[in-house]
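Spelled out from the first residue to the last, the chains are:
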Amino acid sequence: MAIATPVAAAMLVIVAPLYIPLVGSTSRSSLPLVPGSHLWPESETERTVAGTQVDGVQFSVPAVTGATRPLRPIRPNPGPGEALIFSPYLIHGGGRNFE
């Protein structure tokens, strides 16, 4: 998809989450993503309310606790100078840094 105007480019940055590892990441520390989950109906995902605590960690956003489909996260590993741009509806985050 080509971005036709600077306004469209600015809107993309505002509405699309970005993952930009400033000092690098590995497959053990990068942001977990569940491929295809942005296409699931919200009714198929169980989540907490915002401000909940999971495993002793306080979250300001809802945490996913289950789904009717398998939750199989991957950890893409962007290289130097690379970033991830993804749908805000994609299940992401909540992963521990094992480094």
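Residues numbered from 1 in each chain as written. Predicted model: local features only at pLDDT ≥ 70, side-chain atom pairs only at ≥ 80, totals over all residues. Heavy atoms only, no water.

Asker: Now, about the overall build of the protein chain: what can you tell me, with residues and values included?
Answerer: A count of helical and extended segments in the protein chain gives 1 helix and 6 strands. For the protein chain, the succession of helices and strands along the chain, N to C, is α-β-β-β-β-β-β. When burial is assessed residue by residue, the protein chain has 24% of its 99 residues classed as buried. Of the roughly 7100 Å² of accessible surface on the protein chain, 61% is carried by carbon and sulfur atoms. (Helix = DSSP H or I, 4+ residues; strand = E, 2+ residues; numbered from the N terminus. Buried < 20%, exposed > 50% of the residue type's maximum accessible area, 1.4 Å probe, protein only. Areas by Shrake-Rupley, 256 points an atom, 1.4 Å probe, with all protein chains shown as cover.)

Asker: For the side chain of Ser-37, give the residues involved together with the corresponding values.
Answerer: Considering the arrangement of structural elements, one finds Ser-37 in the loop between strand S1 (18–19) and strand S2 (45–47). With a relative accessible area of 4%, Ser-37 lands in the buried category. Each residue touching Ser-37, except ones within four places of it in the same chain, is listed here: Tyr-89, Leu-90 and Ile-91. (Contact = heavy atoms within 4.5 Å.)

Asker: Give me the environment of Arg-72: which residues, what numbers.
Answerer: Residue placement: Arg-72 occurs in the loop between strand S5 (64–67) and strand S6 (84–85). Separated by 40 residues in sequence, Arg-72 and Pro-32 place their C-alpha atoms 9.4 Å apart. Residue contacts for Arg-72: discarding those within four places in its chain leaves Leu-33, Val-34 and Pro-35.

Asker: If you had to explain the pattern of salt bridges to someone new, which residues and values would you point to?
Answerer: Going through the model one piece at a time under the given rule, you end up with 2 salt bridges. Among the ionic pairs, Arg-47 bridges to Glu-42, the shortest N-O distance being 3.0 Å. Residue classification places Arg-47 among the partly exposed residues on the basis of a relative accessible area of 39%. One salt bridge in this structure joins Arg-69 and Glu-44, with 2.5 Å as the shortest N-O distance. Of this pair, Arg-69 sits in the loop between S5 and S6 while Glu-44 sits in the loop between S1 and S2, and the two are 25 residues apart along the sequence. Judged by its relative accessible area of 37%, Arg-69 falls in the partly exposed class. (Salt bridge = Lys/Arg side-chain N within 4 Å of Asp/Glu carboxyl O.)

Asker: Outline the environment of Ser-30, supporting the account with residue identities and numerical values.
Answerer: Along the chain, Ser-30 falls in the loop between S1 and S2. The sequence separation of Ser-30 and Phe-98 amounts to 68 residues, and the corresponding C-alpha distance is 9.4 Å. Side-chain polar atoms of Ser-30 contact the backbone oxygen of Pro-76, separated by 2.8 Å. (Polar contact = N/O pair within 3.5 Å; in protein donor to acceptor, adjacent residues only side chain to side chain.)

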